[in-house]
Amino acid sequence: MPTTPDPLLPGRLTAPEPGWVTRSDVVVIGSGIAGLTAALRIDAELRARADDDGATVMVVTKDVLNAGSTQWAQGGIAAALGPGDTPEQHERDTLVAGAGACDLEAVRVLVNEGPAAVRELIALGTRFDHHDGVLSLTREGGHHRDRIAHAGGDATGAEIQRALIAAVEAAPSIEVIQHALALDLLRDADGGVAGVTLHVIGEGQRDGVGAVHCRAVVLASGGIGQVFSASTNPAVSTGDGMALALRAGARLRDLEFVQFHPTVMYLGADSSGQQPLISEAVRGEGAVLVDFDGGRFMQGQHELADLAPRDVVAKAITRRMHEQDRPHMWLDGRHLGAPADAPLDATTLEQRTAFWERRFPTILSTCRSHGVDPVVDLIPVAPAEHYASGGVVTDLWGRTDIPGLYATGEAACSGVHGANRLASNSLLEGLVFSRRIAQVLPGELRSWGAPLPDVRVPGIVRADVRPGLQAAMTGRVGVLRNEAGLRQALTELATMVDEVAPEVGVAAWETTNLLQVSLALAGAALARAETRGSHWREDHPERDDVACAGHHDTTLADRRLRREFRPSPATDTVGTADLVSTEGAAL
Ligand code: SIN
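Everything numeric in this text was worked out from a predicted model, so none of it was measured.

**Student:** In this structure, what is going on with the overall build of the chain? I would like to understand it.
**Tutor:** Of the regular secondary structure elements, the chain holds 13 helices and 27 strands. The C-alpha radius of gyration of the chain comes to 23 Å, within 12% of the 25 Å expected for a compact globule of 587 residues. Across its three principal axes, the chain shows a C-alpha extent of roughly 75 × 60 × 50 Å. Looking at the chain as a whole, 60% of its 587 residues are labelled buried. Taking the contacts inside the chain whose residues are at least 6 apart along the sequence as the reference set, 74% of them involve residues at least 24 apart.

**Student:** What is the right way to read the site of the ligand from this model?
**Tutor:** Neighbouring residues of the ligand: Gly75, Glu140, His261, Leu277, Ser279, Glu280, Arg310, His386, Arg421, Ala423 and Ser424. Between the ligand and Glu140, the relevant distance is 3.4 Å, taken from an oxygen atom to a side-chain nitrogen or oxygen of the residue. Its free accessible area being 260 Å², the ligand has 95% of it covered by the protein chains. Considering only residue class, the shell around the ligand consists of two nonpolar, five polar and four charged.

**Student:** What is the right way to read the sheet that holds strand 2 (residues 26-29) from this model?
**Tutor:** Consider a sheet: its strands pair through backbone hydrogen bonds, and that pairing is either parallel or antiparallel. Strands sit in the order 9-3-2-13-22 across an open sheet of five strands; the sheet is parallel. Strand pairing shows two members of the sheet lacking a second neighbour, strand 9 (174-177) and strand 22 (405-407), which therefore form its edges. Each adjacent strand pair in this sheet contributes to an overall mean axis angle of 20°, direction not counted. Where strand 2 and strand 13 (residues 216-219) come together, four bridges link them in parallel fashion. Each bridged residue has a counterpart across the sheet, and for Val27 the counterpart in strand 13 is Val217. The sheet strands contacting helix 1 (residues 33-48) are strand 2, strand 3 (57-60), strand 9 and strand 13, and the helix crosses strand 3 at an angle near 170°. Against the sheet, helix 10 (residues 426-444) touches strand 2, strand 13 and strand 22, its axis set at about 175° to strand 22.

**Student:** Looking at this model, I keep getting lost on the packing of helix 11 (residues 466-476) against helix 12 (residues 483-496). Mind explaining?
**Tutor:** Geometry of a packed helix pair, given as the angle between the helix axes and the separation of the axes. Axis separation between helix 11 and helix 12 bottoms out at 9 Å; the angle between their running directions is 170°. By the angle between their directions, the pair helix 11 and helix 12 is classed as roughly antiparallel. In this structure, helix 11 uses Gly468, Leu469, Ala472, Met473 and Arg476 to contact helix 12, whose residues at the interface are Gly485, Leu486, Gln488, Ala489, Glu492, Leu493 and Met496. Broken down by class, the residue content of the contact of helix 11 with helix 12 amounts to seven nonpolar, three polar and two charged.

**Student:** Whenever I open this one, empty space enclosed by the protein confuses me. Can you help?
**Tutor:** Where empty space is left can be seen by rolling a probe of water-molecule size over the atoms. Overall, the coordinates contain three cavities of 30 Å³ or more when judged by the stated rule. What lines the largest cavity is Val258, Gln259, Phe260, Arg310, Asp311, Ala314, Lys315, Asn420, Val479, Ser534 and Trp536. Counting residues per element, the ones that place at least two in the lining of the largest cavity are strand 16 (258-265) and helix 7 (310-324). Per-class residue counts for the lining of the largest cavity are five nonpolar, three polar and three charged. Approximately 40 Å³ is the volume attributed to the second largest cavity.

**Student:** So what exactly am I meant to see when it comes to the sheet that holds strand 21 (residues 391-393) here?
**Tutor:** Within the open sheet, the five strands sit side by side as 23-21-15-26-27. Their pairing is mixed. The outermost strands of the open sheet, each flanked by one partner alone, are strand 23 (412-413) and strand 27 (560-567). Bridge count for strand 15 (residues 252-253) against strand 21 is two bridges, and the pairing is antiparallel. Counted as the bridge partner of Arg253 is Gly391 from strand 21. Most of the contacts of helix 5 (residues 240-248) go to strand 26 (residues 550-557), to which it runs at about 70°, and overall it touches strand 15, strand 21, strand 26 and strand 27.

**Student:** So what exactly am I meant to see when it comes to the pairing of strand 27 here?
**Tutor:** Each regular strand displays side chains that alternate between the two surfaces of the sheet. Alignment of strand 26 against strand 27, held across eight bridges, turns out to be antiparallel. In the strand pairing of strand 27, Leu556 is matched with Leu561. Once strand 26 ends, the chain turns through two residues before running back antiparallel as strand 27, passing Asp558 with a positive phi of about 50°.

**Student:** How do you make sense of a nonpolar patch on the surface when you look at a structure like this?
**Tutor:** A cluster of nonpolar side chains, namely Leu344, Leu349 and Val376, defines an oily patch on the protein surface of about 260 Å² accessible area. Given the relative accessible area of 63%, Leu344 is considered exposed.

**Student:** Before we go on, may I ask you to explain the environment of Glu492 in this structure?
**Tutor:** The topology assignment puts Glu492 in helix 12. When the C-alpha positions of Glu492 and Leu469 are compared, they lie 7.9 Å apart, and in sequence the two are 23 residues distant. The residues touching Glu492, leaving out its near neighbours within four places in the chain, are Ala472 and Arg476.

**Student:** Explain unusual backbone geometry here, please?
**Tutor:** The phi angle of most residues is negative, glycine excepted, and most peptide bonds adopt the trans form. Phi at Ala99 takes a positive value of approximately 55°, unusual for a residue other than glycine. Along the chain, the position of Ala99 falls in the loop between helix 2 (87-97) and helix 3 (104-124).

**Student:** Please clarify how helix 7 should be interpreted in this entry.
**Tutor:** For an α-helix, 3.6 residues make a turn, and residues three or four places apart therefore share a direction. With 15 residues, helix 7 should reach 21 Å at 1.5 Å per residue; the first-to-last C-alpha distance of 21 Å fits that figure. Listed as buried for helix 7 are Arg310, Asp311, Val313, Ala314, Lys315, Ala316, Ile317, Thr318, Met321 and Gln324. The inward-facing, buried residues of helix 7 contact strand 16, helix 6 (280-284), strand 18 (288-290), strand 19 (329-332), strand 20 (379-388) and strand 25 (536-537). Following helix 7 by one or two positions, Asp325 has its phi on the positive side, about 55°.

**Student:** Looking at this structure, how should I read helix 11?
**Tutor:** Taken together, the buried positions of helix 11 are Arg466, Leu469, Gln470, Ala472 and Met473. All buried residues of helix 11 project into a common sector of 160° when viewed along the axis, lining one side. In this structure, helix 11 carries Pro467 and Gly475 as exposed residues pointing more than 90 degrees from its buried face. In this fold, the buried residues of helix 11 make contact with helix 12 and helix 13 (506-527).

What counts, and at which threshold
- Residues numbered from 1 in each chain as written.
- Predicted model: local features only at pLDDT ≥ 70, side-chain atom pairs only at ≥ 80, totals over all residues.
- Heavy atoms only, no water.
- Helix = DSSP H or I, 4+ residues; strand = E, 2+ residues; numbered from the N terminus.
- Rg over C-alpha atoms; globule rule 2.2 N^0.38 Å.
- Buried < 20%, exposed > 50% of the residue type's maximum accessible area, 1.4 Å probe, protein only.
- Contact = heavy atoms within 4.5 Å.
- Near = heavy atom within 4 Å.
- Polar contact = N/O pair within 3.5 Å; in protein donor to acceptor, adjacent residues only side chain to side chain.
- Areas by Shrake-Rupley, 256 points an atom, 1.4 Å probe, with all protein chains shown as cover.
- Nonpolar A, V, L, I, M, F, W, Y, C, P; charged D, E, K, R; others polar.
- Pairing = 2+ DSSP bridges.
- Axes fitted to C-alpha atoms, helices over the stretch in contact; angles between N-to-C directions.
- Parallel < 35°, antiparallel > 145°, perpendicular 65-115°, else oblique.
- 1 Å grid on protein atoms, 1.4 Å probe; cavity = no way out; pocket = protein on both sides within 12 Å on 5 of 7 lines; lining within 4 Å.
- Points joined across faces, edges and corners; volume = space filled by probe spheres on them.
- Patch = residues over 30% accessible without salt bridge, like charges linked within 9 Å, V, L, I, M, F, W, Y side chains within 5 Å.
- Salt bridge = Lys/Arg side-chain N within 4 Å of Asp/Glu carboxyl O.
- Expected span 1.5 Å × (residues − 1).
- Arc of directions from axis to C-beta.

So, in structure tokens, the structure goes:
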């Protein structure tokens, strides 16, 4: 077996000494649904305590409050809220999508606490779509029920973000620092959290690198989309939280399970960065995938056809692209909003247009801005990176291995997603597990620790390695993987470690974070010699529950990445045999 490179990585980001210092009891890093829910709930718990001694909560966010992934979420938030639906059915769909790699207890927490958490979001002021006074619920891939609540048609994340920001702005005890990139954790002599270093752009006295001393940190910093050339994630998704946790000694798990959304609008081979998502809810409303001959290719592939779990659809699209030697397939939603057999006249076109304008206004306008009118045109689609199912390992209360460090949302690996996240479970995960963190954190607050000196190690990499890194990850660690390609990617990535940046700055720090996460991800993908969920190995096309059921955990020890395999039995067959729908038909 050939060896793979084992480069020395910096255990801290090279940065100047903090030029300013401040204090807050709790620092929440990130301002999407996970971060703002954590901040609001922790603040409320602290205020409600009899011994409230004015403890403070600070939210730090890399850009402005609504610049993260939550804002872009289209489809919605899944919870068993509809007639006939139950948490058990939601559990079953989550476990099946997760392809045996979910944590059953975590999934049960998610589906059982989900409905109350969504109702609480409504009570907070989130305006979900209703029809005749009843909450509208739709369906997405892998769901056997209509259980996706949505807002503004396809602007669910933006509406949730709006409501949460309004609530945070109305909470005087929560301080917000925008344009603040979290660099590294500060720890005390016991190894627990004592603070975090930040780089802030242009906030008066808090400008440049500084330190916030604190008693707990909640990582809610989102995903890793910019590891790949094309992603649905915004530019801020550079894996900063995962890399910070790795450098601090926390474990990262399931990194190889990167979800590629099947229907991302194809804008051309050279299009990079954030790409337009065409929500799965469009297929939930009846749109279908077709190839270049006009044939529907999802029928016969899965009992749910075009609404099969995401990994199944992404693989089917990729296979058809290869068979037809085309860079994309097509999504046909032209018939939506009018009877299937309606003549193509002005009335039909009006009905279709009205449907698209009401149900998918964001997608309609995005498509039109790229010269495609979904009312009359097919939409070109191809899979692109969408979601990291893995992340920083937590227990059922968001605790990591480091005392005082919690993680939630896409940055975390709570165990609910396994090898493939079920559609619209991500907003729910952030919501449910942030509420849980708030239940335990105030009672576990550590006493103030003295931060150990922040040892500086040179080794951040030049920002201009980023395109090469993204090309290596997209070409060899993307939808379809094999051993030779993964080894080559690891070799290419390892050479980038030596491309030391001549000076520090946001671009070099972000690129170093991307590189550390990429090395860990590609290593885990190489180690998983099977195909499972979103991890697709052409050299190991079958799932292997004998040798491969379990998790690959990655840590940084003595500045080198170390991986450990933790076996655990497959969970996708648990408790599903006796599930029966209310109509009496076996699901
Ligand atoms: C979508 O609307 O298709 C995305 C929803 C999700 O990622 O769960």
